[in-house]
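Take a look at the letters that make up each chain.
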Amino acid sequence: MAGKRPQRAGWTRRDFFNWVLNVVMGIIAILVAIPALGVAITPAFQNPAPTWVNLGAATGLQQSSVQAGTGGVGTVVKAPYSYIEVDHWAKLPAADYAYLRYIGGSCQFFILSPICTHLGCHVNWIQADNQFHCPCHGSVYTIDGLNVSGPAPLPLGVFRWKMVGPDVWIARESTFTHAHQRMVEAPAQPCLKEA
Amino acid sequence: MYTRLVRWIDDRLMVSPLWRDMADHPVPAHVNPSERVSAFVYCFGGVTFLLIIAQFITGMFLAMYYVPDIVNSYNSTKYLMHHVLFGLQLLSMHNWGSSLIIIMVTLHMLRIYWMGVYKKPRELNWLVGVTLLILILAFGFTGYLLPWDEKAYFATQVGVSFAKYVPFIGPALQKILSGGNNIGAATLTRFFAIHVLFLPALLIAFLGLHFLMIRRQGITGPY
Ligand code: FES
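It should be emphasised that the depicted structure is a prediction, and the values quoted were computed from it without experimental measurement. (Residues numbered from 1 in each chain as written. Chains lettered and ligands numbered in written order. Predicted model: local features only at pLDDT ≥ 70, side-chain atom pairs only at ≥ 80, totals over all residues. Heavy atoms only, no water.)

**Let's talk about the interface of chain A and chain B**
Applied cut-off: By definition in these notes, contact holds between two residues if any of their heavy atoms fall within 4.5 Å. Take the accessible area each of two parts loses on contact, using a 1.4 Å probe, and add the two losses: that sum is the buried area. Polar contact is defined as a pair of N or O atoms within 3.5 Å, subject to the rule that within protein one atom must be able to donate a hydrogen and the other to accept it, and that residues adjacent in sequence are counted only when both atoms are side-chain atoms.
Contacts between the two partners involve 18 residues from chain A and, on the opposite side, 23 residues from chain B. When the two sides are added together, the surface that chain A and chain B hide from each other amounts to roughly 1700 Å², 74% of it contributed by carbon and sulfur. Of all residues in chain A, Val32, Val39 and Trp89 of chain A give up the largest surface area on contact with chain B, accounting jointly for 40% of the area buried on that side. Linking chain A with chain B are four residue pairs in polar contact (both at pLDDT 80 or more), by the criterion used here.

As structure tokens, then:
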């Protein structure tokens, strides 16, 4: 049995100290590497909560949508809003808009993100065509935000929204989250109203 | 696998001999702690160097989150501490590491002084060493301001005010150090640039000189 471990014979004092030195240095390297890598890969694990922003009074929004449409049927209108954007450590006043349409029924509002799912330009609402057109590479979306031509791979994102008193509030999320929220099988006008 | 890779590289560049020359370089028995435990005093310089490497690594990763700007530096530091995986640990390692370096480098210098190592023919290396000490203290001083909290601000206020008492050029020197008439946005960017660009470059250059001179002159005998 003893003869099966010939390498033991060559295990000198010098080898032992070398080994100890390597192990200790390895442990130190690992101790430094763990927090360093943790900091570097943190973004992969971060899922920021949505920012709720106020679009204004529901009655006003309903009126403007109906007025822009014809025969009492609401159409798409721009609903601008401003908010404080929390970008990691930075807090900055920011402004953007949503495309809002009064659809009546129990859902009331259908609120689309203006961000093109191709490369992120803001799409324009073209009332005459009843479509959204992207100025960047020509993607076209229906009034329900479904992508019908051009390079856009997904329908326009839909905002989750809720009533706070008389006001409509929408949940701003990352463009990525918005676009993927809307499954291919989902109805054209998913009602994302929250109680 | 590993040996084949080493051989492949050696066939082209012959780096093994260089490495062996460094790694197998014999040191006198009297500096080997495994021969005589009290020889650990010869390790202070090496430990300082290890700590410096750790500071480089932790510092590079800290810079992923830190912003040198009076609006955001405090907030970005706070964000790193509270919302980033191991962020607080990384910051603490950099923070404690800086104090440890100053302790180790002081012990190193005391050993050199005690044993009279600075005497001929090693005067030049003593000068390089003192330069390194000054660089390390400058690292500590400039790094202290970066989180831009109360302590940092007023410590820098005090530190920069020392410059005022330099004869003749004092007031000008104070302004140059703080980048203006008082501690503010320009001080922070200035200290940041010094801390992460100028000082590391100088440190690497002088460490190189320090080590080359040790190799050329050897370690002093026991006195
Ligand atoms: S970004 Fe809209 S089509 Fe390319």
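Text resumes after the structure shown.
**Comments concerning the sheet that holds strand S8 (residues 147–149) of chain A**
Residues and elements named next belong to chain A. Note the cut-off: Between any two strands, pairing holds if DSSP finds at least two bridges. For helices the rule is a DSSP run of H or I covering at least 4 residues; for strands it is a run of E covering at least 2, with both sets numbered from the N terminus onward.
The sheet built from four strands is open, its strands ordered S5-S6-S7-S8 with antiparallel pairing. Two strands lie at the open edges of the sheet, namely strand S5 (124–126) and S8, each paired on one side alone. The pairing of strand S7 (residues 140–141) with S8 spans two bridges and is antiparallel. Bridge pairing links Tyr141 to Asn147 in S8.

**What about the state of the cysteines?**
All names here are of chain A. This is how it is decided: The disulfide criterion is simple: two cysteine sulfur atoms within 2.5 Å.
Applying the stated criterion to the full structure yields one disulfide over all chains. The disulfide partner of Cys121 is Cys136, and the gap between their sulfur atoms is 1.8 Å. Classification of the bridge connecting Cys121 and Cys136 rests on its S-S torsion, roughly -95°, and on that basis the disulfide is left-handed. One end of the pair, Cys121, is in the loop between strand S4 (108–112) and S5; the other, Cys136, is in the loop between strand S6 (131–133) and S7, and 15 residues separate them in sequence.

**Side note on the UniProt feature "transmembrane region" (unreviewed entry) in chain B**
Residue and element names in this part refer to chain B. Test applied: UniProt positions are given in the numbering used here, feature names are shortened, and annotations may be inferred rather than shown by experiment.
Those places that UniProt annotates as "transmembrane region" (unreviewed entry) correspond, in this numbering, to residues 39–67, 96–114, 126–146 and 192–214. Segment residues 39–67 splits into 66% helix and 0% strand. End C-alpha atoms: 44 Å apart. The span residues 126–146 carries 95% helix and 0% strand; its end-to-end C-alpha distance comes to 31 Å.

**Quick word on the domain arrangement of chain A**
The test is simple: Per the annotation, domain bounds derive from an automatic or database assignment of domains.
Considered domain by domain, chain A is made up of domain 1 (11–46) and domain 2 (51–185). Once you take the C-alpha centre of each, domain 1 of chain A and domain 2 of chain A turn out to be 50 Å apart.

**Observations concerning helix H3 (residues 44–62) of chain B**
We count it as follows: For a helix, the expected span equals 1.5 Å multiplied by the number of residues minus one. Burial classification: accessible surface area is computed with a 1.4 Å probe over protein chains only, and a residue below 20% of its type maximum counts as buried, one above 50% as exposed, and the rest as partly exposed.
Over its 19 residues, H3 of chain B runs 26 Å from end to end, which matches the ideal 27 Å to within 8%, given 1.5 Å per residue. Those residues of H3 of chain B that sit buried are Phe44, Thr48, Leu51, Ile52, Gln55, Thr58, Phe61 and Leu62 of chain B. On its buried face, H3 of chain B is in contact with helix H1 (13–41) of chain A together with helix H4 (73–83), helix H5 (87–114), helix H6 (123–145) and helix H9 (185–217) of chain B.

**Notes on the environment of Pro33 of chain B**
All names here are of chain B. Looking at the element boundaries, Pro33 is found in the loop between helix H2 (16–23) and H3. C-alpha separation for the pair Pro33 and Leu177, spaced 144 residues apart in sequence, amounts to 44 Å. Pro33 has contacts with Ala39, Phe40 and Cys43, leaving out every residue within four places of it along the chain.

**Re the sheet that holds strand S3 (residues 90–104) of chain A**
Residue and element names in this part refer to chain A. Quick reminder of the rule: Axis definition: a line fitted to C-alpha atoms, over the contacting stretch in the case of helices. Angles run 0 to 180 degrees between N-to-C directions.
A sheet is described by the order of its strands in space; here three strands give the open sequence S2-S3-S4, paired in antiparallel fashion. Looking at strand neighbours, the two that pair on one side only are strand S2 (77–87) and S4, the edges of this open sheet. Ignoring which end each strand starts from, the neighbouring axes of this sheet average 40° apart. In this sheet, S3 lies alongside S2 in antiparallel orientation, the contact comprising eleven bridges. Each bridged residue has a counterpart across the sheet, and for Asp87 the counterpart in S3 is Ala90. Docked against the sheet, helix H2 (residues 58–68) engages S2, S3 and S4, running at close to 55° with respect to S3.

**Brief notes about the packing of aromatic side chains**
All names here are of chain A. Worth spelling out the cut-off: Pairing of aromatic rings covers Phe, Tyr and Trp, the last counted by its six-membered ring, and requires centre-to-centre distances within 6.5 Å; plane angles under 30 degrees mean stacked, over 60 mean edge-to-face, and any other angle means tilted.
As enumerated under the stated definition, the model contains 18 aromatic pairs over all chains in all. Judged by centre distance (5.6 Å) and plane angle (45°), the ring pair of Tyr81 and Tyr83 falls under tilted. Exposure class is identical for Tyr81 and Tyr83. Each is buried. Taken together, the ring pairs in this structure connect Tyr97, Tyr99, Trp125 and Phe132 into an aromatic cluster.

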